[in-house]
Amino acid sequence: MTLAFWVVFVAFVGAFAVQVATRVRLIAAAPGEFALDDMGGRIQRFLVDVVFQVQTIRERPIVGLAHAFVFWGFVAFGGYTTVEFLHGLGIADLTETRWFFAYRIVLVPFATMVLGGILFLLVRRAVFRPAALGSAVSIESIVIALFIATLMATFLLAFNLDETTVGGRVNWWVHMLVILAFLALIPASKHLHLVLSPITVFLRSPELGRIPNLDFEKEEVGLEAVKDLGKKAVLDALTCVECGRCQVNCPAFGAGKELNPKTIILQSQQALLSGERDRKLADVYSEKVLWQCTTCGACENQCPVGIEHTPIIIGARRGLVSNGEAPEYLGAMYNQLERRKNIWGLGYDQRQKFVTSAALELFDPAKHDVLVWLGCAGSFEADFQKSLRSLFDILRAKAVRFGVLSKEQCTGDPAKRTGNEYMFQELATANIHELRAAGPKKILTSCPHCVKTIGDDYRRFGYDVEIVHSSVFVAELMRDVETPAAGPAK
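Residues numbered from 1 in each chain as written. Predicted model: local features only at pLDDT ≥ 70, side-chain atom pairs only at ≥ 80, totals over all residues. Heavy atoms only, no water.

## Overview of the packing of aromatic side chains
According to the stated counting rule, one finds 22 aromatic pairs in the structure shown. Measuring from ring centre to ring centre gives 5.6 Å for F216 and Y422, while their planes differ by 70°; the resulting arrangement is edge-to-face. With F216 in the loop between α9 (193–203) and α10 (231–239) and Y422 in helix α23 (residues 421–438), the pair connects residues that are 206 residues apart, well separated along the chain. The class for F216 is partly exposed, based on a relative accessible area of 34%. By relative accessible area, which is 52% here, Y422 ends up exposed. (Phe/Tyr/Trp six-rings, centres within 6.5 Å; stacked < 30°, edge-to-face > 60°. Helix = DSSP H or I, 4+ residues; strand = E, 2+ residues; numbered from the N terminus. Buried < 20%, exposed > 50% of the residue type's maximum accessible area, 1.4 Å probe, protein only.)

Structure representation (structure tokens):
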């Protein structure tokens, strides 16, 4: 048996190794490096989303638990599989030890949970077929599900079979051959996520929608071709589990647009595995689709395996903008940002009129607790200014000392999210200069885009300040209000 098993083992493991080597080469050839900042946060996310499977379970509890059972079983059976392989290869026989006997007993509830979970997922995919999983039945997924069910069934059956009998030996061989076949199939299927997703989750950026700044001195222009996809983007493409959560939560897709975040990742995967390194990304994804993304980050927020879609889409936009291929409708906005430093193209005398009419003071760190960042909407949009006036009334009622800058430009968020990195960096540099000169310790704004840009994007220029959205700030103020005691019942 040992020689026969060695032959089978080498054949299947060799097939696995060849396919994995191809994917490792793709990752190694990709530009850039993996980010490893905020190790504490990465470890915490790993424990929450990998070990405890919280992200998988949160949005779809029943389906998520079924997946979690399979994952936990996959981990729990690691030692059992190792011992059986050592035994089959004639390296060491630990199958008769007391600890292994106890270990097998402990695995019984895991096997039961895995079997129940995989049968539920099999019926869901083969019979009910949710739209997010695709219209066609995936034969590959059916085969893998049957493999997992067979592994659990043969494990449980082994308790009632003597391994020295024909039935026992057949059961053992079926179990081991299915493991080896599963191993050989994994790299060429979406089930590679079993191996890669713990890595992808760990390497995911600490904040949602992180878009690294371009270094113009190194002549960086964004993503133009498949070969420009960075290491994390390539790893993401190979990790996708095709669950469709990104698709279901994408507002553009929900509104009937052509954009599908899942399709973007799978198209990246296909181009990489097909060796199309020089193919333009605008041809891989469709240029029209690239401009439909709102960069809200819902896809990334929902992904259970840590895939980051936004950097790929914005990176491809950067490549188009650098080649003068941005849509015509963005030209007007870019002109307004370049000439007037705001998307409406209005003069800053309009902002000063609002500052004066609202009786706002210019920020002085010696006199004020917080700096209120008005943003483009707060500076120029009449309806938005109504809500700001209410905010100012609340701040004054709560004795919060606040002021505004005398000069304020657009943060550059519209330019960055649409791929005009050069314009973004110009606006960001000017704003950071003004903010450093003013010296606020806390910034308050009613614009969520400004919160994101100043709080995250500006940090990559070395400017780090506490910035909070007005709704959060007011909620904290209201918590300090003492609830009056209830009067006598009438």
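## Observations regarding the sheet that holds strand β2 (residues 402–403)
The sheet built from four strands is open, its strands ordered β2-β1-β3-β4 with parallel pairing. Two strands lie at the open edges of the sheet, namely β2 and β4 (466–469), each paired on one side alone. In the packing of helix α25 (residues 470–479) onto the sheet, the strands contacted are β1 (370–373), β3 (442–445) and β4, and the crossing angle to β4 comes to about 85°. (Pairing = 2+ DSSP bridges. Contact = heavy atoms within 4.5 Å. Axes fitted to C-alpha atoms, helices over the stretch in contact; angles between N-to-C directions.)

## Observations regarding the environment of L223
Checked against the element boundaries, L223 lands in the loop between α9 and α10. Between the alpha carbons of L223 and L320 there is a distance of 8.3 Å; along the sequence they are 97 residues apart. The residues contacting L223, other than those within four sequence positions of it, are D228, L229, L281, P311, I312, G315, A316 and G319.

## A short note on the side chain of H368
Relative to the assigned elements, H368 resides in the loop between α19 (349–357) and β1. Beyond its immediate chain neighbours, meaning those up to four positions away, H368 contacts E361, L362, F363, R401, F402 and G403.

## Observations concerning a negative patch on the surface
The grouping of D93, E96, D162 and E163 at the surface amounts to a negative patch. Tracing the backbone shows E96 in the loop between α5 (78–88) and α6 (98–128). According to the relative accessible area criterion, E96 is exposed, its value standing at 70%. (Patch = residues over 30% accessible without salt bridge, like charges linked within 9 Å, V, L, I, M, F, W, Y side chains within 5 Å. Areas by Shrake-Rupley, 256 points an atom, 1.4 Å probe, with all protein chains shown as cover. Salt bridge = Lys/Arg side-chain N within 4 Å of Asp/Glu carboxyl O. Lys, Arg positive; Asp, Glu negative; His and termini not counted. Charge placed at Lys NZ, Arg CZ, Asp CG, Glu CD.)

## What about the side chain of Q55?
Along the chain, the position of Q55 falls in helix α3 (residues 54–59). Accessibility expressed as a relative area gives 6% for Q55, which makes it buried. Setting aside its immediate chain neighbours within four residues, Q55 contacts D49, R245, N301, Q302, C303 and P304.

## Digging into unusual backbone geometry
Its identity as a non-glycine residue notwithstanding, R129 has a phi of 45°, on the positive side. Structurally, R129 is set in the loop between α6 and α7 (139–157). A positive phi angle is found at E242, which is not glycine, with a value near 60°. Within the element layout of this structure, E242 appears in the loop between α10 and α11 (245–249).

## A word on helix α18 (residues 328–340)
Taking 1.5 Å per residue, 13 residues should reach 18 Å; α18 reaches 19 Å between its end C-alpha atoms and fits that length. Of the surrounding secondary structure, the elements contacted by the buried residues of α18 are α17 (310–322), α22 (413–417) and α23. (Expected span 1.5 Å × (residues − 1).)

## Quick look at a nonpolar patch on the surface
A surface patch of nonpolar side chains, amounting to about 650 Å² of accessible area, comprises L36, M39, I43, L47, V48, V51, F52 and V54. The biggest single contributor to the nonpolar patch is helix α2 (residues 39–51), with five residues. Within the secondary structure layout, V54 lies in helix α3.

## Details of the pattern of salt bridges
Counted under the stated rule, the structure contains 22 salt bridges. A salt bridge links E361 to K367; the shortest N-O distance between them is 4.0 Å. We classify E361 as partly exposed; its relative accessible area is 40%. For K367, a relative accessible area of 46% puts it in the partly exposed group. The residue D456 makes a salt bridge to K452 at a minimum N-O spacing of 3.0 Å.

## A few points about the nonpolar core
One broad rule of soluble globular proteins: the nonpolar side chains tend to lie buried together. Core analysis: the biggest nonpolar cluster contains 101 residues, and L229, V234, Y285, L435, I443 and Y458 have the highest contact counts within it. The biggest single contributor to this core is α7, with nine residues. Residue contacts for I443: discarding those within four places in its chain leaves L371, W373, L435, I454, Y463, V465, E466, I467 and V468. In terms of nonpolar packing, the next biggest core, distinct from the first, is built from 19 residues, A358, F392, V404 and L477 among them. (Core = buried A, V, L, I, M, F, W, Y, C linked by side-chain atoms within 4.5 Å.)

## Details of α23
Compared with an ideal rise of 1.5 Å per residue, which puts 18 residues at 26 Å, α23 spans 25 Å between its outermost C-alpha atoms and is within 8% of the ideal. Buried residues along α23 sit in contact with α17, α18, β1, α22, β3 and α24 (448–457). Phi turns positive, to about 75°, at G439, one or two residues after α23.

## A short note on the packing of α7 against helix α8 (residues 166–185)
Orientation of α7 relative to α8, taken along the N-to-C sense of each, is 150°, at an axis distance of 9 Å. One element, α7, and the other, α8, form an angle in the roughly antiparallel class. As α7 packs across α8, the resulting crossing turns out to be left-handed. Taken together, the residues of α8 that come into contact with α7 (itself represented by V143, I144, F147, I148, T150, L151, T154, F155 and L157) are N171, V174, H175, V178, I179, A181, F182 and L185. Counted by class, the contact of α7 with α8 contains 13 nonpolar, four polar and no charged residues. (Parallel < 35°, antiparallel > 145°, perpendicular 65-115°, else oblique. Left-handed = near helix turned anticlockwise from the far one by under 90°. Nonpolar A, V, L, I, M, F, W, Y, C, P; charged D, E, K, R; others polar.)

## What about the packing of helix α1 (residues 2–29) against α8?
Interhelical geometry of α1 versus α8 gives an angle of 20° and a closest axis separation of 8 Å. By the angle between their axes, α1 is roughly parallel relative to α8. Two packed elements cross with a definite hand, and for α1 against α8 that hand is left-handed. Together, A4, F5, V8, F9, F12, V13, A15, F16 and Q19 of α1 and W172, W173, M176, L177, L180, A181, L183 and A184 of α8 make up the contact between the two elements. Split into classes, the residues belonging to the contact of α1 with α8 amount to 16 nonpolar, one polar and no charged.

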